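Structural features, examined
Now for the letters of each chain:
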Amino acid sequence: EAQVTQNPRYLITVTGKKLTVTCSQNMNHEYMSWYRQDPGLGLRQIYYSMNVEVTDKGDVPEGYKVSRKEKRNFPLILESPSPNQTSLYFCASSSMTTGTSPLHFGNGTRLTVT
Amino acid sequence: GQQVMQIPQYQHVQEGEDFTTYCNSSTTLSNIQWYKQRPGGHPVFLIQLVKSGEVKKQKRLTFQFGEAKKNSSLHITATQTTDVGTYFCAGSSIYNFNKFYFGSGTKLNVKP
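I will try to describe carefully the structure that is included in this document. Computed from a predicted structure; not experimentally measured.

1. A few points about the nonpolar core
The biggest cluster of nonpolar side chains holds 20 residues, and the ones touching the most others in it are Ile-32, Trp-34 and Phe-63 of chain B. Elements represented by at least two residues in this core include exactly strand S3 (19–25), strand S4 (29–37), strand S5 (44–49), strand S7 (61–65), strand S8 (71–76), strand S9 (85–93) and strand S11 (106–111) of chain B. Aside from chain neighbours lying at most four places away, what touches Phe-63 of chain B is Trp-34, Leu-46, Ile-47, Leu-49, Glu-54, Val-55, Lys-56, Gln-58, Ser-73 and Leu-74 of chain B. In this structure, Met-27, Tyr-47, Leu-78 and Cys-91 of chain A belong to the second largest nonpolar core, which totals 19 residues.

2. Focus on the pairing of S3 of chain B
On any regular strand, side chains alternate: one points to one face of the sheet, the next to the other face. Residues and elements named next belong to chain B. A large share of S3 lies buried, amounting to 5 of its 7 residues. In this sheet, S3 lies alongside strand S1 (residues 4–7) in antiparallel orientation, the contact comprising 4 bridges. Looking at S3, one finds that Ile-7 is bridged to Tyr-22. Bridge analysis of S3 against S8 gives 6 bridges, and the strand direction is antiparallel. Residue Tyr-22 lies in a different strand from S8, and its bridge partner there is Ser-73.

3. Overview of the sheet that holds strand S8 (residues 76–78) of chain A
Each strand in a sheet pairs with another by means of backbone hydrogen bonds, the pair being arranged parallel or else antiparallel. Spatially, 4 strands are ordered S1-S3-S8-S7 (chain A) in an open sheet, and the strand pairing comes out antiparallel. With one partner strand each, in any of the chains shown, strand S1 (4–7) and strand S7 (65–66) of chain A form the two edges of the open sheet.

4. Structural notes on the packing of aromatic side chains
Residues and elements named next belong to chain B. With the rule as written, the count across this model stands at 13 aromatic pairs over all chains. Residues Tyr-35 and Phe-102 carry aromatic rings whose centres are separated by 5.7 Å and whose planes lie at 45 degrees to one another, so their mutual orientation is tilted. A residue pair is termed long-range when its members are at least 10 positions apart, and Tyr-35 in strand S4 and Phe-102 in strand S10 (residues 100–102) qualify at 67 residues. The residues Tyr-35 and Phe-102 share a single accessibility class, namely buried.

5. Remarks on the environment of Tyr-31 of chain A
Of note, Tyr-31 of chain A is situated in strand S4 (residues 31–38). A relative accessible area of 0% means that Tyr-31 of chain A is categorised as buried. Separated by 43 residues in the primary sequence, Tyr-31 of chain A and Phe-74 of chain A have C-alpha atoms spaced 9.9 Å apart. Discounting chain neighbours no more than four positions away, the residues touching Tyr-31 of chain A are Gln-45, Tyr-48, Ser-49, Met-50, Ala-92, Ser-93, Ser-94, Met-96 and Leu-103 of chain A together with Asn-98 and Phe-100 of chain B. At 3.0 Å, the side chain of Tyr-31 of chain A forms a polar contact with the side chain of Gln-45 of chain A.

About the cut-offs
- Residues numbered from 1 in each chain as written.
- Chains lettered and ligands numbered in written order.
- Predicted model: local features only at pLDDT ≥ 70, side-chain atom pairs only at ≥ 80, totals over all residues.
- Heavy atoms only, no water.
- Core = buried A, V, L, I, M, F, W, Y, C linked by side-chain atoms within 4.5 Å.
- Buried < 20%, exposed > 50% of the residue type's maximum accessible area, 1.4 Å probe, protein only.
- Helix = DSSP H or I, 4+ residues; strand = E, 2+ residues; numbered from the N terminus.
- Contact = heavy atoms within 4.5 Å.
- Pairing = 2+ DSSP bridges.
- Phe/Tyr/Trp six-rings, centres within 6.5 Å; stacked < 30°, edge-to-face > 60°.
- Polar contact = N/O pair within 3.5 Å; in protein donor to acceptor, adjacent residues only side chain to side chain.

The structure is reproduced here in structure tokens:
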């Protein structure tokens, strides 16, 4: 089944403790991206990647890192999480690098930073 | 910077009534996509519009892309309880196709 898999679904952590949210897709998509969803703000793009070893900042990259060592995986890293990073995170992938194809979203990761 | 505004933020309708959500961008878009997110779920792609003035229909849903490619709308005729969810528009800039800008979403509640 074609899908984008995120783990974990829920995560509670403390300020400053490094964490990684994993994202994997089995559709051979070149394009992958991360979003955070906050009430009233919609989805805001954190980082995106057009292919292996090619990443770029979205609208809200501060406090986040990503890597794209393999085509299928695009982990989101929070080196030193802070409470303002409490949010619902979605990973998404798409089949084209021009951004004109539908985004396929994972099920989301709800992160709480205390 | 680029902004995509979406109104209204919330809409409560009686089943059978129509519903419309509007999306406006501060700059010209290369395309616009619409997504639906059910409560507790993830956004699911509905449709993409690319051409200026384009209109597309999916059963009771009608999507329009403005002539200037800066605005779009989604209209649902005769809403049903299965239409409940949050509807998002998302556009990519003509200057950078890889950056998607989502509207803040319209949360639709349908009373049976």
